[in-house]
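Breakdown of the fold
This is what each chain is made of:
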Amino acid sequence: MMTMSLCGTTLAGTPELEGNATSSNSVKPHRILVIGMLDNVKSNYFVTDMLAENTHIQEDSVCYIYNKVIEDNLAQMAQKTKSPYTFVYGKDVQDNNQELLDDIQTTGEAENQSSDLAFVNSNKLKGMLEQAGADYLLLLDSHYLKYQEEPFKTIFHYVNYSLYDANKKKLGQGSNYFTSINPQTEQQMIKSSKKSTAKMLEDLESKLKK
């Protein structure tokens, strides 16, 4: 089947700046702003109403919840492992920079999608990071639910991400996945994605040390 976007116009994000952040808005080293791309939940099989029916997630909140699961896990794991990097995220930052986010494009297909900042205004990007008190931008490019029936009924949930500095330079990109038999609720995804999110954190730390 053709790849299907599962979300409408709801902005993926979180209600306010959260994570293991401090209350200061000044730029601090090692702070990473995490933003989930708009309409970034896709699949070779599932559509929005199917996910909503099986997960108890409202149709207009699918992207929001899928992104929030990864954002929350990253922030919590960074605290738990005493990572030198702090993850922050917030709906206010996204709402104030919607024009910038609209200029972000994606390339690739299926589980190989990644973001492209070629058309993003450099000054606006720096302004967004300053507003969040962050030095780096982590984009959750896509959640791709790849369904197969053989040899076993399985959903491979790929999370693709890209890491940028304040000058739009892509420092790296990656992809991790977790599996399930059926679409999962938010709480189920939080548990299922912990190991893959831990690998993401290790990968990001490795990229930033280079």
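Model, not experiment: these values are computed from the prediction.

**Brief notes about the nonpolar core**
Formed by 35 residues in total, the largest nonpolar core has its most connected members in Tyr 66, Leu 74, Phe 87, Leu 138 and Leu 204. For this core, the secondary-structure elements that each account for two or more residues are β2 (31-36), α2 (62-80), β7 (136-148), β8 (154-165), α6 (186-192) and α7 (194-209). With eleven residues, α2 is the single largest residue contributor to this core. The contact partners of Tyr 66, leaving out residues within four places of it in the chain, are Val 41, Leu 51, Ile 57, His 143, Leu 145, His 157 and Met 189. Listed in part, the 18 residues of the second largest apolar core include Leu 101, Ile 104, Val 120 and Leu 125.

**Some details on unusual backbone geometry**
A cis amide bond links Glu 150 with the next residue in sequence, Pro 151, at an omega value of 0°. Assignment of secondary structure puts Pro 151 in the loop between β7 and β8. Phi is positive for His 56, which is not a glycine, with a value near 65°. Within the secondary structure, His 56 is located in the loop between α1 (48-55) and α2. For His 56, a relative accessible area of 69% puts it in the exposed group.

**A short note on the pattern of salt bridges**
Taken as a whole and assessed by the stated rule, the structure comprises six salt bridges. The closest approach of N and O atoms between Lys 91 and Asp 95, which form a salt bridge, is 2.7 Å. Linking Lys 91 with Asp 95, this pair stays in helix α3 (residues 91-95), spanning four residues, or about one helical turn. Judged by its relative accessible area of 34%, Lys 91 falls in the partly exposed class. Between Glu 111 and Lys 146 there is a salt bridge, and its shortest N-O distance comes to 3.1 Å. Taken together, the positions of Glu 111 in the loop between β5 (105-107) and β6 (114-116) and Lys 146 in strand β7 put the pair 35 residues apart, joining distant regions of the chain. Note on Lys 146: relative accessible area 31%, which makes it partly exposed. Several salt bridges converge on common partners, so that one network encompasses Lys 68, Asp 72 and Glu 186.

**Digging into the packing of α2 against α7**
Packed helices, taken two at a time, are described by the angle between their axes plus the distance between the axes. Following both chains from N to C, one finds α2 and α7 inclined at 65°, their axes separated by 9 Å at the closest point. For the pair α2 and α7, the sense of crossing is right-handed. Judged by residue contacts, Ile 70, Asn 73, Leu 74, Gln 76, Met 77 and Ala 78 of α2 engage Lys 194, Thr 197, Ala 198, Met 200, Leu 201 and Leu 204 from α7. Partitioned by chemical class, the residues of the contact of α2 with α7 number eight nonpolar, three polar and one charged.

**Examining α2**
When the terminal C-alpha atoms of α2 are compared, their 27 Å separation across 19 residues agrees well with the 27 Å that a helix rising 1.5 Å per residue should span. Counted residue by residue, α2 has 16 buried out of 19 residues, so it is predominantly covered. Within two residues after α2, Lys 82 carries a phi angle of roughly 55°, on the positive side.

**Looking at the pairing of strand β9 (residues 170-180)**
Where β8 meets β9, ten bridges bridge the pair, whose relative direction is antiparallel. Among the inter-strand pairings, Ser 162 is bridged to a residue of β9, identified as Gln 173. Joining the antiparallel neighbours β8 and β9 is a turn of four residues, in which Lys 168 adopts a positive phi near 75°.

**Regarding the environment of Gln 184**
Note that Gln 184 resides in the loop between β9 and α6. When the C-alpha positions of Gln 184 and His 56 are compared, they lie 8.9 Å apart, and in sequence the two are 128 residues distant. A polar contact is formed between the side chain of Gln 184 and the side chain of Ser 192, at a distance of 2.9 Å.

**Overview of the confidence of the model for the protein chain**
Put simply, the protein chain has an average pLDDT of 88, and 86% of its residues get 70 or more. Across residues 8-29 the pLDDT falls below 50, and counting only partners more than four positions away or on other chains, this stretch makes 68 contacts in the model.

Conventions and cut-offs
- For every chain, the first residue of its written sequence is number 1, and the numbers climb from 1 along that sequence.
- Given that this is a predicted model, residues contribute local features only at a pLDDT of at least 70 and side-chain atom pairs are listed and counted only at 80 or more, while totals for whole chains, interfaces and linings are drawn from all residues.
- Excluding hydrogens and water, the side-chain figures rest on all heavy atoms present in the structure.
- In this text, buried Ala, Val, Leu, Ile, Met, Phe, Trp, Tyr and Cys residues form a nonpolar core when linked through side-chain atoms within 4.5 Å.
- Categorising residues by exposure relies on relative accessible area from a 1.4 Å probe, with only protein chains included: less than 20% of the type maximum marks a residue as buried, more than 50% marks it as exposed, and the intermediate range marks it as partly exposed.
- Where helices and strands are cited, they refer to DSSP runs of H or I of at least four residues and of E of at least two residues respectively, numbered from the N terminus.
- Here, two residues are considered to be in contact whenever any of their heavy atoms come within 4.5 Å of each other.
- Salt bridge, as applied in this entry: a Lys or Arg side-chain nitrogen positioned within 4 Å of an Asp or Glu carboxyl oxygen.
- Helix axes are fitted only over the stretch in contact, all axes being lines through C-alpha atoms; the angle between N-to-C directions runs from 0 to 180 degrees.
- Here a crossing is called left-handed whenever its near helix is offset anticlockwise from the far helix by less than a right angle, and right-handed whenever the offset is clockwise.
- Charged means Asp, Glu, Lys or Arg here, nonpolar means Ala, Val, Leu, Ile, Met, Phe, Trp, Tyr, Cys or Pro, and polar covers whatever is left, Gly included.
- For a helix, the expected span equals 1.5 Å multiplied by the number of residues minus one.
- For two strands to count as paired, DSSP must find a minimum of two bridges between them.
- Polar contact is the term for a pair of N or O atoms within 3.5 Å; when the atoms are in protein, one must be able to donate a hydrogen and the other to accept it, and sequence-neighboring residues count only if both atoms are side-chain atoms.
- Values of pLDDT, the confidence the predictor places in each residue, fall between 0 and 100.

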